[in-house]
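So the chains spell out like this:
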Amino acid sequence: MTYKEFLEYLENNFDGYEVFMEKAAAYQQSKNQKRPAKSRWNENKVQKATNEMWKKSMQPLYDNLKREIKSSISYKWTEYIEQHEVLEGLRDAMADLSFDEAS
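The written sequence of each chain sets the order in which its residues are numbered from 1. Confidence filtering applies because this is a predicted model: local features only for residues at pLDDT of at least 70, side-chain atom pairs given and counted only at 80 or more, and all residues used for totals across whole chains, interfaces and linings. For side-chain calculations, the full set of non-hydrogen atoms in the structure is used, while hydrogens and water are omitted.

(A) Layout of the overall build of the chain. What the chain contains, in helices and strands, is five helices and zero strands. When the elements of the chain are put in sequence order from the N terminus, they spell out α-α-α-α-α. Based on the C-alpha atoms only, the size of the chain along its principal axes is roughly 50 × 25 × 20 Å. Residue burial is assigned from relative accessible area. The probe radius is 1.4 Å, only protein chains are included, and a residue is buried under 20% of its type maximum, exposed over 50%, and partly exposed in between. Sorting the 103 residues of the chain into buried and exposed places 34% on the buried side. In this analysis, two residues are considered to be in contact whenever any of their non-hydrogen atoms come within 4.5 Å of each other. Within the chain, contacts between residues separated by at least 24 positions form 73% of all contacts whose residues are at least 6 apart in sequence. Areas reported here follow the Shrake-Rupley algorithm with a probe of radius 1.4 Å; residue values treat only the protein chains shown as occluding. Approximately 6,800 Å² of the chain is accessible, and the part contributed by carbon and sulfur atoms is 49%. Counted as positive: Lys and Arg. Counted as negative: Asp and Glu, with His and the chain ends omitted from the count. Here the site of a charge means NZ on Lys, CZ on Arg, CG on Asp, or CD on Glu. Side chains of the chain give 16 positive and 18 negative charges; the mean places of these two sets differ by 12 Å. Numbering of helices and strands runs from the N terminus, with a helix taken as a DSSP run of H or I at least four residues long and a strand as a DSSP run of E at least two residues long.

This is the structure:
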């Protein structure tokens, strides 16, 4: 499974995706409001930054799974993810997720 396929899988099968995106968007909006008026980003740039946060946050998980699964076949990935309750663990992590200025 490629990283792009992995992200698509999560976006379609992981209910915490919306939670992450809401928290990340709120963080980016807050960060944007603190910029001087002339330097504020438009909505597209804020959305792009939010999407980048999602991609960067999921990269370590993908890398760990890739080491464990050792296959590019998608169904092997989904089997592993289901058997090892990866989405459940990720859901728990999302519940505690918060972004702050230090990150």
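(B) Quick look at the packing of aromatic side chains. Geometry of aromatic contacts follows a simple scheme: Phe, Tyr and Trp rings, the Trp one being its six-membered ring, pair when their centres are within 6.5 Å, and the pair is stacked under 30 degrees between planes, edge-to-face over 60, tilted otherwise. Overall, the coordinates contain nine aromatic pairs when judged by the stated rule. Ring geometry for tyrosine 27 against phenylalanine 99: centres 5.6 Å apart, planes inclined by 40 degrees, an arrangement best described as tilted. Residue tyrosine 27 is located in helix H2 (residues 16-33), and its partner phenylalanine 99 is located in the segment after helix H5 (86-95); the two are separated by 72 residues in the primary sequence.

(C) Focus on H2. What a helix should span is 1.5 Å times the count of its residues minus one. Compared with an ideal rise of 1.5 Å per residue, which puts 18 residues at 26 Å, H2 spans 26 Å between its outermost C-alpha atoms and is within 8% of the ideal. Buried-residue contacts for H2 involve helix H1 (3-13), helix H3 (43-69) and H5.

(D) View of the nonpolar core. Think of a nonpolar core as a cluster: buried Ala, Val, Leu, Ile, Met, Phe, Trp, Tyr and Cys residues, connected wherever their side-chain atoms sit within 4.5 Å. Counting residues in each nonpolar core, the largest one holds 26 residues, and the members touching the most others are Phe6, Leu10, Phe14, Trp54, Met58 and Leu65. When contributions to this core are tallied by element, the ones reaching two or more residues are H1, H2, H3, helix H4 (74-83) and H5. Sort the elements by how many residues they give to this core and H3 lands first, with seven residues. If we ignore the near neighbours within four places in the chain, the residues touching leucine 65 are Phe6, Trp77, Tyr80, Ile81 and Val86.

Geometry only, nothing functional implied.
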